[in-house]
Amino acid sequence: MRPSLPRELHDLLERGRDRQLRLAVTGLSRAGKTAFLTSLVNQLRHAGLEARLDLLPAARQGRLLGARRVQQQDLGVPRFPYDQAMAALDAQPPRWPEPTRGISELRLTLRYRPSRSGLFGGETRQLTLDLFDYPGEWLLDLPLLGHDYLSWSETQRHDGGSERAALFADWQAAVGDLDPAEEVDEARLAEIAERYATGLRAAREAGFADLQPGRFLLPGELEGAPVLQFFPLPGIAEADRDTLAALPAESLYATLARRFRHYQQHIVRPFYREHFRRFDRQIVLVDVLGALNAGPERFEDLSRALSRLMQSFDYGKRSLLTRLFAPRIDRLAIAATKADHVTPEQHGRLVTLLEALLAEPLKDLRFADVPVRALSLAAIRSTESREVNQQGRRSPALRGTTFDGESRLLFPGEVPDRLPRADFWARQGFAFTAFRPLPREPGTPLPHIRMDAALDWLIGDKLP
């Protein structure tokens, strides 16, 4: 449902005055998008009161008066479930909010005093902040826009001896003897496609990130539709392109290629056009620690998925005209989440590792002169920092409560300050423990690490 014309005109004027900002919170599955958005809204709602936002100048100086949720622009998109997320965090014992399973939006109006008073003094201004949330699984489809069926099939080849390939063994057994030229059997095609989707779901549960097509993981209303019944064909190569293109329309290859094109044009492209091309700012959340904990193959898989994803966004500096008519992302944050799962002196290493993980995309962004910042954060803290006495020395540690209610004091290990080598994996130098959110008094802001730094980078220049 499109917004009304008067509201569209109002938003156009606000964008022209630089008083409206569209912020995308993106990241792959389990990176913490729901927690980040919940904390962002919570911190801004408490900004004029007791929120700890010292790294956001407008808040530190007492100029940020707070935020209010208002009616969003697109009434056909579900509202981000902030109240449900807070109810989960306020439960006894507290629990993590349910992850994103569809598109959602939220609009905030921020009120602040400018640092330089106007003619009459005491003036206040407003900034409209539109927040966008999407399932991480759907993001994985954006790189498909750069492929046709043949080239995509080639990208999906994996080492047969790998952990990931073992999860697709059932599909591999069914697809191995297929002939691209054979006449398609719809029932058999649907069965093999379901085996492929089952492999994708198993790989997600095992901690892998580079999983396409993403809608196979969260099909929604498309479940059972032929558009979700395709898969890559092993054994086909670019050298066979002309031969494959000449196959009849009822052949297996032509059918799979046709469904891939339909998926591209009717599922992925509208999603990109209607949503991702509208963003002004973006934060990409990355669960680096989870990948470290899962092992080398999953860590490399995360790197590959992120590199592909970063190429799908439209980055560049904005002028007044581009802000109004052709918006592009003009500022980017890349954040390693769950920083509260390592001791404070490890946070710098976590940022360095994140930058190493995204070295190539960061080079391209900086070459394009796009402002980008890497940081580590915990949107909602689940641990407290402690020191323990070990053989006469004070050593850092973390205390948290596991999901079975056990209070634990531990040192999770050291984060490498470069891409892990074989010796790191051999000694299993990092152990990730999942904790409940920290309890807190009702009505108080959520405890966090560096949410104020993220807010300063993403919106601080809009609160002059």
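Small disclaimer: the values here were computed from a predicted structure and weren't measured.

A. Structural view of the overall build of the chain. Helix and strand counts for the chain come out as 18 helices and 10 strands. Among the 464 residues that make up the chain, the fraction classed as buried is 54%. The contacts in the chain between residues at least 6 apart in sequence include a share of 77% that link residues at least 24 apart. Approximately 21,200 Å² of the chain is accessible, and the part contributed by carbon and sulfur atoms is 50%.

B. Representation of helix α9 (residues 186–205) within the structure. Helix length check: α9, at 20 residues, gives a terminal C-alpha distance of 29 Å against a target of 28 Å (1.5 Å per residue), a fit within 8%. By the burial criterion, the buried members of α9 are L189, I192, A193, Y196, A197, G199, L200, A203 and R204. Within α9, the buried residues cover an arc of 155 degrees as seen down the axis, which keeps them to one side. Facing away from the buried side of α9 by over 90 degrees, the exposed positions are A187 and E205. Its side-chain oxygen 3.1 Å from the backbone nitrogen of A187, D185 forms the N-cap of α9.

C. Region of the structure containing the packing of helix α2 (residues 33–45) against helix α18 (residues 451–459). In contact at an axis separation of 11 Å, α2 and α18 are set at 85 degrees when each is read in the N-to-C sense. The pairing of α2 with α18 is recorded here as roughly perpendicular in orientation. Where α2 abuts α18, its residues F36, S39, L40, Q43 and L44 lie against M451, A454, L455 and I459. When its residues are assigned to classes, the contact of α2 with α18 shows 7 nonpolar, 2 polar and no charged.

D. Layout of the packing of aromatic side chains. Enumeration according to the criterion identifies 20 aromatic pairs in this entry. Taken together, the ring pairs connect Y149, W152, F168, W171, Y196, F216, F230, F231, Y253, F260 and Y263 into an aromatic cluster. A cation over a ring is seen here: R215 above F271, with NZ or CZ 5.9 Å from the ring centre.

E. Examining the pairing of strand β4 (residues 125–133) more closely. By the criterion of burial, β4 is predominantly enclosed, with 7 of the 9 residues buried. Judged from the 9 bridges that link them, strand β3 (residues 104–112) and β4 form a sheet pairing that is antiparallel. Paired with L106 across the strands is L131, a residue of β4.

F. Representation of the layout of surface pockets in the model. In this model, the largest pocket occupies a volume close to 1,200 Å³. Forming the walls of the largest pocket are 50 residues, and the residues nearest its centre are S29, R30, A31, D287 and K338. The set of elements that each furnish at least two residues to the lining of the largest pocket consists of α2, α5 (136–139), α9, β5 (281–286), α12 (288–294) and α13 (296–310). By residue class, the composition of the lining of the largest pocket is 28 nonpolar, 11 polar and 11 charged.

G. Local environment of empty space enclosed by the protein. Counting across every chain of the model gives 2 cavities of 30 Å³ or more. When its volume is computed, the largest cavity comes out at roughly 50 Å³. As for the largest cavity, its lining consists of L178, E182, V184, D185, R188, L189, I192 and L252. Considering each element in turn, the lining of the largest cavity owes the most residues, 3 residues, to α9. Along the lines of polarity and charge, the residues of the lining of the largest cavity split into 5 nonpolar, no polar and 3 charged.

H. Spotlight on a positive patch on the surface. On the surface, R45, R68, R111 and R113 cluster together into a patch of positive charge. Positionally, R68 belongs in strand β2 (residues 64–70). Judged by its relative accessible area of 54%, R68 is exposed.

I. Examining the packing of helix α15 (residues 347–357) against helix α16 (residues 359–367) more closely. For the pair α15 and α16, the least separation of the axes is 5 Å and the interaxial angle reads 80 degrees. The pairing of α15 with α16 is recorded here as roughly perpendicular in orientation. Between α15, through E355, A356 and L357, and α16, the contact on the second element is made entirely by A359, L362 and R366. Taken together, the residues of the contact of α15 with α16 break down into 4 nonpolar, no polar and 2 charged.

J. Examining the sheet that holds β4 more closely. The 7 strands lie next to each other as β2-β3-β4-β1-β5-β6-β7, forming an open sheet whose pairing is mixed. Only two strands of the sheet have a single partner each, and these edge strands are β2 and β7 (372–376). Within the sheet, the average angular offset between the axes of one strand and its neighbour, ignoring direction, is 20 degrees. Where strand β1 (residues 20–27) and β5 come together, 5 bridges link them in parallel fashion. Bridged to G27 within β5 is L285. Relative to β4, α2 is tilted by about 165 degrees, and along the sheet it contacts β1, β2, β3, β4 and β5.

K. Representation of the confidence of the model for the chain within the structure. When pLDDT is averaged along the chain, the result is 86; 89% of the residues meet or exceed 70. Least confident of the elements in the chain is helix α14 (residues 320–325), whose mean pLDDT is 42; most confident is α18, at 97. The low-confidence segment residues 318–326, where pLDDT is below 50, has 16 contacts with residues more than four positions distant or belonging to other chains.

L. The arrangement of the side chain of D452 in detail. Mapping D452 onto the fold places it in helix α18. Despite its burial, D452 remains without a salt bridge, the nearest opposite charge being carried by R52 at 7.2 Å. Among the polar contacts made by the side chain of D452, one reaches the main-chain amide nitrogen of L55 at a distance of 3.0 Å. Excluding residues that lie within four positions of it along the chain, D452 makes contacts with R52, L53, D54, L55 and L56.

The rules behind the values
- Residues numbered from 1 in each chain as written.
- Predicted model: local features only at pLDDT ≥ 70, side-chain atom pairs only at ≥ 80, totals over all residues.
- Heavy atoms only, no water.
- Helix = DSSP H or I, 4+ residues; strand = E, 2+ residues; numbered from the N terminus.
- Buried < 20%, exposed > 50% of the residue type's maximum accessible area, 1.4 Å probe, protein only.
- Contact = heavy atoms within 4.5 Å.
- Areas by Shrake-Rupley, 256 points an atom, 1.4 Å probe, with all protein chains shown as cover.
- Expected span 1.5 Å × (residues − 1).
- Arc of directions from axis to C-beta.
- Polar contact = N/O pair within 3.5 Å; in protein donor to acceptor, adjacent residues only side chain to side chain.
- Axes fitted to C-alpha atoms, helices over the stretch in contact; angles between N-to-C directions.
- Parallel < 35°, antiparallel > 145°, perpendicular 65-115°, else oblique.
- Nonpolar A, V, L, I, M, F, W, Y, C, P; charged D, E, K, R; others polar.
- Phe/Tyr/Trp six-rings, centres within 6.5 Å; stacked < 30°, edge-to-face > 60°.
- Lys NZ or Arg CZ within 6 Å of the ring centre and 35° of its normal.
- Pairing = 2+ DSSP bridges.
- 1 Å grid on protein atoms, 1.4 Å probe; cavity = no way out; pocket = protein on both sides within 12 Å on 5 of 7 lines; lining within 4 Å.
- Points joined across faces, edges and corners; volume = space filled by probe spheres on them.
- Patch = residues over 30% accessible without salt bridge, like charges linked within 9 Å, V, L, I, M, F, W, Y side chains within 5 Å.
- Salt bridge = Lys/Arg side-chain N within 4 Å of Asp/Glu carboxyl O.
- Lys, Arg positive; Asp, Glu negative; His and termini not counted.
- Charge placed at Lys NZ, Arg CZ, Asp CG, Glu CD.
- pLDDT = per-residue confidence, 0-100.

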